[in-house]
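Below, each chain spelled out in residue letters.
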Amino acid sequence: CEVATLSRILADYPTASGWKIGQADLFADDYIAARSKISNVIICNPPFESFTAEERVRYPEALKRSAAKPIAVLNAVLDAKPLAIGFVLPEPFIRGKQYAAQRRRIEQMYAEVELVSLPDRTFNASVIRSSLLIARAPRDPAAEPASTSIRCAVVSERERDAFLSTGQLNVVREQTRPFAGTGDLWIEELADVWSYLQSAGTL
């Protein structure tokens, strides 16, 4: 917390200090749900593992959402309907079946979605491949969703150090798709080729 406070002062100078930095257990007393309800923008890097047997007893409210911690946190945040979210998630979020329901919710709730696939060893504390999710531009619940603006990128192993230094993405794929409700938020690498050949005959 002390390092975060000092970093914030340096990054936000000369803005007056209005940040509240503290340490808390995300899952105790359904803390993540309570905090999400009073927040407009939520940025989170949840733990990637599943709840242990002991934690299942200790955190019954979180367990109701999912036995996997990242899904439990993401569900709690989506329930609060914030204006925008930014998440670090396991790589299977991009296309894995276990995250299909969450991707459908995100497509239903937000008109702009960005996904970034990260290489190994992006984070020192984790050996699990990860991805980045940014979702914004909440849809009007009373209106029929028209389209979804999607941006996708893959950070390769050789681009990792440059990405960590600058945050710049070398190759970004973008599409605006009619709303489908399927939760398909990823643009494949050869998507333009398949689209071009869609009307071609099959040999």
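Calculation criteria
- Numbering of residues starts from 1 in each chain and follows the order in which that chain's sequence is written.
- In keeping with the predicted nature of the model, local features appear solely for residues at pLDDT of at least 70, side-chain atom pairs appear and are counted solely at 80 or more, and the whole-chain, interface and lining totals rest on all residues.
- Working from all heavy atoms in the structure, the side-chain values ignore hydrogens and water.
- Should DSSP find at least two bridges between two strands, the strands are taken to pair.
- Each helix is a run of H or I in the DSSP string that is no shorter than four residues. Each strand is a run of E no shorter than two, and both are numbered from the N terminus.
- To get an axis, fit a line to the C-alpha atoms, keeping to the stretch in contact for a helix; angles then go from 0 to 180 degrees between the N-to-C directions.
- The contact criterion used is simple: two residues touch if any of their non-hydrogen atoms lie within 4.5 Å.
- Take a side-chain nitrogen of Lys or Arg and a carboxyl oxygen of Asp or Glu: if they are within 4 Å of each other, that pair is a salt bridge.
- Whether a residue is buried, partly exposed or exposed follows from its accessible area with a 1.4 Å probe, protein chains only, as a fraction of its type maximum: under 20%, in between, or over 50%, in that order.
- Under this scheme an angle from 65 to 115 degrees is roughly perpendicular, one under 35 degrees roughly parallel, and one over 145 degrees roughly antiparallel; angles in between are oblique.
- We call a crossing left-handed when the near helix sits turned anticlockwise from the far one by less than a right angle, and right-handed when that turn is clockwise.
- Ten residues, namely Ala, Val, Leu, Ile, Met, Phe, Trp, Tyr, Cys and Pro, are considered nonpolar, four, namely Asp, Glu, Lys and Arg, are considered charged, and the remaining ones, Gly among them, are considered polar.
- Under this definition, polar contacts are N or O atom pairs within 3.5 Å; protein pairs additionally need one hydrogen-donor-capable and one acceptor-capable atom, and for neighbouring residues in sequence, both atoms have to be side-chain atoms.
- A pair of sulfur atoms, both from cysteines and within 2.5 Å, is called a disulfide here.

Draft legend 1. Just the sheet that holds strand S6 (residues 172–178), in detail. One open sheet accounts for 6 strands, arranged S1-S2-S4-S3-S5-S6; its pairing is mixed. Across the chains shown, the open sheet's two edge strands, defined by having one partner strand only, are strand S1 (41–44) and S6. The mean inter-strand angle of the sheet, taken between neighbouring strand axes irrespective of direction, is 15°. Summarising the sheet, S1 and strand S2 (residues 84–90) pair through 4 bridges and their orientation is parallel. Residue pairing across strands places Cys44 opposite Phe87, the latter belonging to S2. Each of S1, S2 and strand S3 (110–117) touches helix H5 (residues 69–80); the most contacted strand, S2, lies at about 170° to it. Across the sheet, helix H6 (residues 100–109) touches S3, strand S4 (130–138) and strand S5 (147–154), and the angle it forms with S3 is around 135°.

Draft legend 2. Main features of the pattern of salt bridges. In this structure the tally under the stated criterion is 15 salt bridges. Of the charged contacts, one joins Lys69 and Glu55 as a salt bridge, the two residues approaching to 3.0 Å between their closest N and O atoms. Taken together, the residues span a long stretch of sequence, with Lys69 in helix H5 and Glu55 in helix H3 (residues 53–58) at a distance of 14 residues. In this pair, the class of Lys69 matches that of Glu55, namely buried. A salt bridge links Asp184 to Arg177, with the shortest nitrogen-to-oxygen separation between them at 3.7 Å. Each member of the salt-bridge network shares a partner with another, and the members are Asp30, Arg65, Asp79 and Arg105.

Draft legend 3. Quick peek at the packing of H5 against H6. In contact at an axis separation of 11 Å, H5 and H6 are set at 20° when each is read in the N-to-C sense. Classed by the angle they form, the pair H5 and H6 counts as roughly parallel. As for the relative orientation of H5 and H6, their crossing is left-handed in sense. When H5 is examined against H6, the residues Ile71, Leu74, Asn75, Leu78 and Asp79 are found in contact with a partner set consisting of Gln102, Arg105, Ile106 and Met109. In the contact of H5 with H6, the residues fall into 5 nonpolar, 2 polar and 2 charged.

Draft legend 4. Region of the structure containing the side chain of Asn75. Positionally, Asn75 belongs in helix H5. Look at Asn75 and you get buried, because its relative accessible area is 9%. A polar contact is formed between the side chain of Asn75 and the side chain of Gln102, at a distance of 3.1 Å. Excluding residues within four positions of it along the chain, Asn75 makes contact with Arg65, Gln102 and Arg105.

Draft legend 5. Structural context of the state of the cysteines. For the structure on display, the rule yields 0 disulfides. Here Cys1 is not disulfide-linked; the sulfur of Cys44 is the nearest cysteine sulfur, at 15 Å. Overall, the relative accessible area of 48% leaves Cys1 in the partly exposed class.

Draft legend 6. A look at the pairing of S5. As defined by bridge partners, S3 adjoins S5 across 6 bridges and the pair is classed as parallel. Paired with Val116 across the strands is Ala153, a residue of S5. Judged from the 7 bridges that link them, S5 and S6 form a sheet pairing that is antiparallel. Note on S6: the bridge partner recorded for Arg151 is Glu174.

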